[in-house]
Amino acid sequence: MTEVNSPPVDSPPRVGGWTRFVTGRPRLSLLAALVLTVLAVLAGSGVADKLGSGGWEDPGAESTYATEALEREFPDSQPNLILLVDSGRASVDDPAVAAEATRLAERLSGEKGVVGVGSYWDGKAPALRAEDGHEALIAARITGDEKTMGETLDRIAPSYRGTQGPLEVKVGGIVAVRHEMQTIIQEDLTRAEIIALPVTLVLLVMVFGSAVAALLPLGVGIVAILGTNAVLGALTEFTDVSVFAMNLTTALGLGLAIDYALFIVRRFREELSGGADPTTAIGTTLRTAGRTVLFSALTVAVSLAAMLVFPQYFLRSFAYAGIAVVLLAAAAALILLPAALVLLGHRVDSLDVRRLFRRGRAKTPAPGTEGSTQNGTEAGPEGGTEDRTAWGRTATLVMRRAPFFALGTTAVLVLLGLPFLGVKFGTADDRQLPSSAESHVVQQHIRDGFPGTPGGGLEVLAEGRATQAEYAAYKERVAALPDVARVDGPLVKGDAAYFTVQPEGEAVDEAGQRLVADLRATEAPFDTKVTGAAAVLVDSRKAIGDQLPLAGAFITVVTLLLVFLLTGSVLIPIQAVLLNALSLTAMFGAVVWVFQDGHLSGLLGFTGSGSIETTLPVLMFCVAFGLSMDYGVFLLSRIKEEYDHTGDHERSVRLGLQRTGGLITAAAVILAVVMVAIGTSRVTNTKMLGLGIALAVLMDAMVVRSLLVPAIMRLTGKATWWAPGPLRRFHQRFGLSEGDPAPARQPNPESNPESNPESNPESNPETNPDTDSERDTVGVRG
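Every chain is numbered independently, its residues counted from 1 as its sequence is written. Local features in this predicted model are restricted to residues of pLDDT 70 or higher, and side-chain atom pairs are both shown and tallied only at a pLDDT of 80 or more, whereas totals for entire chains, interfaces and linings draw on every residue. Only hydrogens and water are set aside when side-chain values are computed; all heavy atoms of the structure are taken into account.

**Some thoughts on the overall build of the protein**
Step number 1: Each helix and strand in the protein was counted, giving 24 helices and eleven strands.
Step number 2: Pairs of residues are marked as contacts when any of their non-hydrogen atoms sit within 4.5 Å. Considering only contacts in the protein between residues 6 or more positions apart, those separated by 24 or more positions represent 80%.
Step number 3: With an accessible surface of roughly 31300 Å², the protein has 60% of that area assigned to carbon and sulfur atoms. Under the scheme used here, helices are H or I runs from DSSP no shorter than 4 residues and strands are E runs no shorter than 2 residues, and both carry numbers assigned from the N terminus. For accessible areas, the Shrake-Rupley method is used with a probe of radius 1.4 Å. Any residue's cover is judged against the shown protein chains and nothing else.

**Examining helix α3 (residues 62-73)**
Step number 1: Between its terminal C-alpha atoms α3 stretches 16 Å, which fits the 16 Å expected from twelve residues at 1.5 Å a residue.
Step number 2: Within α3, the full set of buried residues consists of S63, T64, A66, T67, A69 and L70.
Step number 3: Considering only its buried residues, α3 is in contact with β7 (458-463), β9 (496-503), α16 (510-521), β10 (527-532) and α17 (533-567). Between the first and last residue of a helix there are one fewer steps than residues, each counted as 1.5 Å, and that sum is the expected span. Under the scheme applied here, a residue whose accessible area is under 20% of the maximum for its type counts as buried, over 50% as exposed, and between as partly exposed, the area being computed with a 1.4 Å probe on protein chains only.

**Structural notes on the sheet that holds strand β1 (residues 81-86)**
Step number 1: Read from one edge to the other, the open sheet built from five strands follows the order β2-β3-β1-β5-β4, with strand pairing classed as antiparallel. Because the sheet does not close on itself, it has two edges, and the strands there are β2 (114-119) and β4 (162-164). Averaged over all pairs of adjacent strands, the angle between their axes in this sheet comes to 25 degrees, without regard to strand direction.
Step number 2: Strands were regarded as paired on the criterion that DSSP finds at least two bridges between them. Here β4 pairs with strand β5 (residues 167-172) via three bridges, running antiparallel. Its bridge partner lying in β5, T163 is registered against E168. For helices, the axis comes from a line fit to the C-alpha atoms of the stretch in contact; other axes are also lines fit to C-alpha atoms, and the angle between any two N-to-C directions lies between 0 and 180 degrees.

**Notes on a nonpolar patch on the surface**
Step number 1: On the surface, L28, L31, L34, V35, L36, V38, L39 and L42 cluster together into a nonpolar patch covering about 790 Å² of accessible area.
Step number 2: Residue position: V35 is located in helix α2 (residues 26-44).
Step number 3: Assessed through its relative accessible area of 44%, V35 is described here as partly exposed. Without a salt bridge and with relative accessible area above 30%, a residue can belong to a patch; like charges are then joined within 9 Å and nonpolar side chains (Val, Leu, Ile, Met, Phe, Trp, Tyr) within 5 Å. Whenever a carboxyl oxygen of Asp or Glu lies within 4 Å of a side-chain nitrogen of Lys or Arg, that contact is scored as a salt bridge.

**Looking at the pairing of β5**
Step number 1: Pairing between β1 and β5: five bridges, direction antiparallel. Among the inter-strand pairings, L83 is bridged to a residue of β5, identified as V171.
Step number 2: Between the antiparallel neighbours β4 and β5 lie two residues, among them G165 with a positive phi of about 60 degrees.

**Considerations on the sheet that holds β7**
Step number 1: Spatial strand order, β8-β9-β7-β10: four strands in an open sheet with antiparallel pairing. The open sheet terminates on both sides in strands that have one partner only, identified here as β8 (484-493) and β10. Recorded for the sheet is a direction-independent mean angle of 20 degrees between the axes of neighbouring strands.
Step number 2: Bridge analysis of β7 against β10 gives six bridges, and the strand direction is antiparallel. Looking at the pairing, L461 lines up with K529 of β10.
Step number 3: Running at roughly 160 degrees to β8, helix α15 (residues 468-479) makes contact with β7, β8, β9 and β10 of the sheet.
Step number 4: Each of β7 and β10 touches α17; the most contacted strand, β10, lies at about 95 degrees to it.

What follows is the structure, encoded as structure tokens:
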């Protein structure tokens, strides 16, 4: 057992330098925070317009190089704007239809920022004509970066969309898909905030009872969100940032800030109810709950930082946003919140709205009066004896049947994760959008009604001088490859040329991915580079696969180190990593069963594509793993504190769960509400992210922390706390602990419990669940 050198529990409370710093001038601190928040609002205004909607490609991949070269040398080869022309009952070959469509294409070619205009009526290309003969395509390319392309699309689309003489025109293409996706994400994010904020406030009132106390976590979350928006706005001046990252900013900003504020406010109210003045209460709170909050923020930030090793800016953007919002949430909880609590003092319990529901019922006795707990602290608005004993009974039952709960819970989690074994990876396309979105309608018409895979073929860039005979010989070799439907080209410009290869099946199915490998292995007298949707997918999977071991090792090693610094145990960090990973199985299984296989697609309102975007599992793992560690730290820190007090392993586990079970449940429910609000998005990837992480958070808090952790710790017994001598001394010098616990005491199993107050819960107010103060629980009411 690790010995902790610290003053006794009953030593006089100390007011440290950090407490003096954050509470010395509380009004000045809050005024400075208000000024900084206003500046953050100004700096972060309009940030969504600066964010990109792509970022799934590896910038150093062969497909990226080929795409950029083709855009530069052959803009016709990379159309990103599609006009779907519907001729109604007439044929697209009708003279009147052809004349109007030709005029439309000519007008489009004269638009500023538009190049490479081509249409079915130029050369009667079969791939540009629908099989029923009533629809055809006009293709073009809008030049510039994402922002410029969006502005050009906004300028020209209204004059082409809708009725044009005998034609009905719809606007689609990659640029339209991404622009529409960006617009919808901004609208959905606003709606999610409108849903999440009032619901979260109601839940906080249910948890705290006091409206004043409930508003504090919400304020911390808003400050974190606004600050992160300013950080993202600054980052856009130096690098690409995905618009999807704003969803994570809102979710983590509210969720984690509320988690941290719950922990701080709960401990502060406990100290006040024990008779401490506000400044002393804040000092104790920061030495105990404050350390846990700081440690928790580090563990979450580490998980999110792992995404920085991947080259796709989609993933890196979530690391930027996530790290910023986690650190800002922790800073607000550890700086602004203590200042506010010092000013409020006992008024933190003001506006107890639950009094409206207590009419005709006995009021809670005041501290020190008859009916209060033995230590002079009332049961408190956050929970009561019944709640505490309920969590205590749960822990006792789980540990009494530890093998059953350990094996049963593990088996259920593994079973829920089995669908992930059938995962199929793909690329994000128009099916991310709702079925009513215009760009989705255009692409769906192309998929269903046009021959081959228009816009979904592979392009081969050929660099180096070659003769027509060499081009022809290469074309014959490519046409002979399996799964090739047709080869077009070459189009030659100087020393460069390109071929278009149409696969027989879907653009990014397994056959299409095999064709990418075959094309890259085909001999040629010139340098070849392959691009297209399937090539981008192949390169993206390779980039993720190459960096995944590094990201996994980073998360594992740093998490092991941090949890060791918290607990001083060798076994607990290993348990934490394995159980956290196990808690995510339900999320991954549900992602495949629902979003890949399409179950519940009608209920949830999305179009199944039969695959999962390659970067999503990485993103969801990093975020969910970090949040799981957040709750793990809350539980482990309390178990460690109890173990340092008593030296009784089983009692420490029971009391740790009893005293944090309600807190973790409340925090998980609130975070899940925020994630579900994000999951109401009409964009499938955002829906998957929000609902998937909500499921992971609830499974972790209500299953893993409540059942699996106490069962495993009961099975490992006191060996849980073992560490070799060198590591034990390292922890004694550098380890982290919550508060100033008393020296660890070894219980004597041969002693009489009744004569040993340290092992007798009935005689020791520190370990008696029926005499613990309000710090022992935060229950979800209602």
